[in-house]
Amino acid sequence: MIQITTGDPRPIGRQIVDAVRMKIATGEIDPGDQLPSVRGLAQQLMINPNTVAKAYAELTTEGWLESRQGMGLYVAAPRQRLSDAERGRRLDDAVGRFVNDVIPLGFPPDEVEARVAREFRQLVPRKTA
């Protein structure tokens, strides 16, 4: 379900949080779906269970997951998790980081835009399927 990349500069916990968010946002996992247990995911990824527990706790706090007593963690029903202002701020931050990473690569802006558009087109069918 989730993969960790050893060369990724993000900490492992952040990779887990980002992967789960993406899978929920794209519809790869649906509201009501159960996530692997902390111990199960830790064994699958061969990482410390505390890392998984912290990632799951963050996702629960943000409203992506819900805990069902004695049953585990499940994908929460969709709702707007962030205010419009916060969503806008995060988008601006992400775009700024992206542009700062891409400009030194020397690609023409139209090629960068085409690649970003292609990535979005590939995500959309998963969400609507």
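Figured I'd write up the structure that's included with this text. Since we're looking at a predicted model, the values are computed, not measured.

Once that is clear, we can look at the overall build of the protein. Of the regular secondary structure elements, the protein holds five helices and two strands. Mapped in sequence order, the helices and strands of the protein form the string α-α-α-β-β-α-α. Overall, the protein is about 55 × 30 × 30 Å in size when its C-alpha atoms are taken along their principal axes. Within the protein, buried positions represent 24% of all 129 residues. Of the contacts made within the protein by residues no fewer than 6 positions apart, 50% connect residues no fewer than 24 positions apart.

Right, let's talk about the pairing of strand β2 (residues 72–75) for a bit. Pairing geometry for strand β1 (residues 65–68) and β2, over four bridges, is antiparallel. Each bridged residue has a counterpart across the sheet, and for L65 the counterpart in β2 is V75. The hairpin turn running from β1 into β2, its antiparallel successor, is three residues long, and G70 in that turn takes a positive phi close to 75°.

Among the nonpolar cores identified, the biggest contains 20 residues, and I16, V20, Y56 and L65 are the most heavily contacted of them. Mapped onto this core, the elements with two or more residues apiece are α1 (12–25), α2 (38–45), α3 (49–61) and β2.

Here α1 spans 20 Å end to end across 14 residues, near enough to the 20 Å set by a 1.5 Å rise per residue. Those residues of α1 that are buried lie in contact with α2, α3, β1 and β2. Positive backbone phi, at 80°, marks G27, one or two positions downstream of α1.

To continue, consider the packing of aromatic side chains. One pass over the full model with this rule turns up zero aromatic pairs. The ring centre of Y74 lies 3.9 Å from the NZ or CZ of R68, which sits over that ring.

A contiguous nonpolar patch, built from L91, V95, F98, V99 and I103 and spanning about 450 Å² of accessible area, is present on the exposed surface. With respect to the helices and strands, the residue V99 is situated in helix α4 (residues 84–102). For V99, a relative accessible area of 34% corresponds to the partly exposed category.

To continue, consider the packing of α2 against α3. Describing two packed helices takes the angle between their axes plus the distance from one axis to the other. Packing of α2 against α3 leaves a shortest axis separation of 8 Å and a crossing angle of 125°. Here α3 runs oblique to α2, going by the angle between their axes. Our pair here, α2 against α3, has a crossing hand that is right-handed. Two secondary-structure elements touch here, α2 through V38, L41 and A42 and α3 through P49, V52, A53 and Y56. The residue makeup of the contact of α2 with α3, split by class, is seven nonpolar, no polar and no charged.

Cut-offs and rules
Residues numbered from 1 in each chain as written. Predicted model: local features only at pLDDT ≥ 70, side-chain atom pairs only at ≥ 80, totals over all residues. Heavy atoms only, no water. Helix = DSSP H or I, 4+ residues; strand = E, 2+ residues; numbered from the N terminus. Buried < 20%, exposed > 50% of the residue type's maximum accessible area, 1.4 Å probe, protein only. Contact = heavy atoms within 4.5 Å. Pairing = 2+ DSSP bridges. Core = buried A, V, L, I, M, F, W, Y, C linked by side-chain atoms within 4.5 Å. Expected span 1.5 Å × (residues − 1). Phe/Tyr/Trp six-rings, centres within 6.5 Å; stacked < 30°, edge-to-face > 60°. Lys NZ or Arg CZ within 6 Å of the ring centre and 35° of its normal. Patch = residues over 30% accessible without salt bridge, like charges linked within 9 Å, V, L, I, M, F, W, Y side chains within 5 Å. Areas by Shrake-Rupley, 256 points an atom, 1.4 Å probe, with all protein chains shown as cover. Salt bridge = Lys/Arg side-chain N within 4 Å of Asp/Glu carboxyl O. Axes fitted to C-alpha atoms, helices over the stretch in contact; angles between N-to-C directions. Parallel < 35°, antiparallel > 145°, perpendicular 65-115°, else oblique. Left-handed = near helix turned anticlockwise from the far one by under 90°. Nonpolar A, V, L, I, M, F, W, Y, C, P; charged D, E, K, R; others polar.

In short, geometric facts, not functional conclusions.
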